[in-house]
Number of protein chains: 2
Amino acid sequence: MRADAQRNRARILDVARTVVEEQGTQASLRDIARRAEVGMGTLYRHFATREELLEALLGSRFDRLAARAGTLEATRPPAEALEEWLREFAAGAATYRGLAASMIATLEDDASSLHASCMAMREAGARLLARAQEAGHIRPDVDGTDLFALFSAVASIADVAPSIAARRDHLFALVMEGLVSRSR
Amino acid sequence: MRADAQRNRARILDVARTVVEEQGTQASLRDIARRAEVGMGTLYRHFATREELLEALLGSRFDRLAARAGTLEATRPPAEALEEWLREFAAGAATYRGLAASMIATLEDDASSLHASCMAMREAGARLLARAQEAGHIRPDVDGTDLFALFSAVASIADVAPSIAARRDHLFALVMEGLVSRSR
DNA sequence: ACCTGAACACCGTTCAAGT
DNA sequence: ACCTGAACACCGTTCAAGT
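Computed from a predicted model, the values in this text were never measured in an experiment.

Rules and cut-offs
Residues numbered from 1 in each chain as written. Chains lettered and ligands numbered in written order. Predicted model: local features only at pLDDT ≥ 70, side-chain atom pairs only at ≥ 80, totals over all residues. Heavy atoms only, no water. Near = heavy atom within 4 Å. Polar contact = N/O pair within 3.5 Å; in protein donor to acceptor, adjacent residues only side chain to side chain. Helix = DSSP H or I, 4+ residues; strand = E, 2+ residues; numbered from the N terminus. Contact = heavy atoms within 4.5 Å. Buried area = accessible area lost by both parts, 1.4 Å probe. Salt bridge = Lys/Arg side-chain N within 4 Å of Asp/Glu carboxyl O. Nonpolar A, V, L, I, M, F, W, Y, C, P; charged D, E, K, R; others polar. Axes fitted to C-alpha atoms, helices over the stretch in contact; angles between N-to-C directions. Parallel < 35°, antiparallel > 145°, perpendicular 65-115°, else oblique. Left-handed = near helix turned anticlockwise from the far one by under 90°. Least-squares fit on C-alpha atoms with pLDDT ≥ 70 in both. Domains from an automatic or database assignment. UniProt positions renumbered as here; feature names shortened; annotations may be inferred. Buried < 20%, exposed > 50% of the residue type's maximum accessible area, 1.4 Å probe, protein only.

Chemist: I'd like a rundown of the protein's contact with DNA strand C, residues and numbers included.
Modeler: Close contacts around DNA strand C come from 22 residues, with R30(A), M40(A), Y44(A), N8(B) and T42(B) the closest. Taken together, the sugar and phosphate atoms account for 60% of what DNA strand C places within 4 Å of the protein. A distance of 3.4 Å is found between a phosphate oxygen of DNA strand C and a side-chain nitrogen or oxygen belonging to H46(B). Contributing elements (two or more residues each) for the surface near DNA strand C: α2 (29–35) and α3 (40–46) of chain A together with α1 (3–23) and α3 (40–46) of chain B. Considering every element that reaches the surface near DNA strand C, the biggest residue donor is α3(B), with five residues.

See the structure below:
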């Protein structure tokens, strides 16, 4: 990559981080280009879609969270590992406004650049879920998609309604309760 | 109201119903005006905000659901009344794509034309919740806002991801499980 | 009193023209 | 190779001009 291209790419990512922090994952791409002092075409050349930009911004976080599931699986009892992972997942989903919604969109759209890293992360969580189910802690009629859907749903609504954001943890706890086996 | 104004209003509402059915609550207002064969100014004269239009489209549904809570309270045992009402609430939230999200937005925005009717409906649900709590069926640490947040969250995510829409009922059931008292 | 549609300020996306 | 910025097709919202 040419040196000026490299510089532009870095500038765009830098500015994008700030703008997404301010406006959420639906931030204006035009605004990002403007503030990076770069033509629209340059932004599109480096990131052909909004999802490519988000992947560059967030992909490593998803990878880290996927790896984290492996660590927790090796070091903690099943129920505790799952709960801790979900706590970290929820915290990650709150990184940027709209992120939970972007992750949900990824479910349907396997052309999305966020698809692969999100799926890997979901699958890592699903393994912790399966382990907790084998240990009898979690209802057997729940799968990884249910888990992801419920936690993402609560995260995405909290993004949109600040008054609900205040009770995020409580809502996560209530959802968690619903997944726990009745007879232990 | 002048006769032509009355006709225009009716036309707009008619077309809006169709377009919102097609595109969801975020439907293009321009498109509605176009298809109603009416100037943009006319649409704005009759419905100053998108929420006013939605209220005209949906207000009576909310009122009906609020009234339904009273009926259920009078005719069914507490737990059953709450569950049935939530079932109907969830079905209503699925009327239009984006409706659950619009209702959630209403929480923060008390200037919204949907605010009053939504709040009345939520309060009706909250009364059923309180009754089920007094009967010991539902955890005491849940309030009407929790109830609304959780069910709306699941409804709104199902709007966005068809693959999740298929398991709506299952997700509602899981959430419901989380609200039920452990010791009965 | 009410209606129309152009005007304005924004998008996202594409692409001819430049270096 | 890469960049620029105008062009295009859309928005929502407002408002002068018409009837």
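Chemist: Before we move on, can you summarise the interface of chain A and chain B with the specific residues and values?
Modeler: Contacts between chain A and chain B engage 30 residues on the former and 30 residues on the latter. When chain A packs against chain B, close to 2600 Å² is buried across both sides, 62% of that on carbon and sulfur atoms. Looking at the side of chain A facing chain B, the largest losses of area belong to E108(A), L174(A) and R182(A), adding up to 22% of the total buried there. Where chain A meets chain B, there are eight salt bridges. R182(B) is paired through a salt bridge with E177(A); the nearest N and O atoms lie 3.3 Å apart. On inspection of chain A and its partner chain B, the count reaches twelve residue pairs in polar contact (both at pLDDT 80 or more). Listing elements by their share of the side of chain A that touches chain B, those giving two or more residues are α6 (99–108), α8 (144–160), α9 (162–165) and α10 (168–179) of chain A. No other element matches α8(A), which puts eight residues into the side of chain A that touches chain B. Looking at the side of chain A that touches chain B, its residues break down into 17 nonpolar, five polar and eight charged.

Chemist: Can you explain the packing of helix α5 (residues 78–93) of chain A against helix α7 (residues 115–134) of chain A? Please cite residues and give values.
Modeler: Residues and elements named next belong to chain A. Contact geometry of α5 with α7 gives a least axis separation of 8 Å together with a crossing angle of 150°. Relative to α7, the element α5 is oriented roughly antiparallel. For the pair α5 and α7, the crossing hand works out as left-handed. Taken together, the residues of α7 that come into contact with α5 (itself represented by P78, A81, L82, W85 and F89) are M121, G125, L128, L129, R131 and A132. The residue makeup of the contact of α5 with α7, split by class, is nine nonpolar, one polar and one charged.

Chemist: Run through the relation of the copies chain A and chain B, naming residues and quoting values.
Modeler: Superposition of the two copies of the chain requires a rotation about an axis and a shift along the axis. Structural alignment of chain A on chain B gives an RMSD of 0.0 Å, achieved by rotating through 180° and translating 0.0 Å along the axis. Read as a symmetry element, the transformation amounts to a two-fold axis. In terms of proximity to the rotation axis, the leading residue of chain A is G178(A), whose C-alpha is 1.7 Å off the axis. Both copies share a contact surface, since 100% of the interface residues of chain A are interface residues in chain B too.

Chemist: A description of the domain arrangement of chain A should follow, citing residues and the corresponding values.
Modeler: Residue and element names in this part refer to chain A. Domain boundaries assigned for chain A yield domain 1 (1–48) and domain 2 (57–179). Relative to domain 2, the C-alpha centre of domain 1 lies at a distance of 28 Å. On the side of domain 2, six residues touch domain 1, which itself brings ten residues to the contact. On the domain 1 side of the contact with domain 2, R17, V20 and T25 bury the most area, a combined 60% of that side's loss. Applying the counting criterion to the domain 1 and domain 2 interface returns zero salt bridges. Taken together, the connections running from domain 1 to domain 2 amount to four residue pairs in polar contact (both at pLDDT 80 or more).

Chemist: An account of the UniProt feature "domain: HTH tetR-type" (unreviewed entry) in chain A is requested, with residue identities and associated values reported.
Modeler: Taken from the UniProt record, the annotation "domain: HTH tetR-type" (unreviewed entry) applies to residues 6–65 of chain A. The span residues 6–65 of chain A carries 80% helix and 0% strand; its end-to-end C-alpha distance comes to 28 Å.

Chemist: Describe the environment of L13(A), naming the residues involved and giving the relevant values.
Modeler: Residue and element names in this part refer to chain A. Within the fold, L13 resides in helix α1 (residues 3–23). Looking at L13, the relative accessible area reads 14%, which means it is buried. Every residue in contact with L13, bar those within four places of it in the chain, is listed here: F47, L53, A56 and L57.

Chemist: Just give me the short version of the UniProt feature "DNA-binding region" (unreviewed entry) in chain A, but keep the residues and values in it.
Modeler: Following the UniProt record, one finds the feature "DNA-binding region" (unreviewed entry) at residues 28–47 of chain A. As annotated, residues 28–47 of chain A comprises 70% helix and 0% strand, and the C-alpha atoms at either end are separated by 14 Å.

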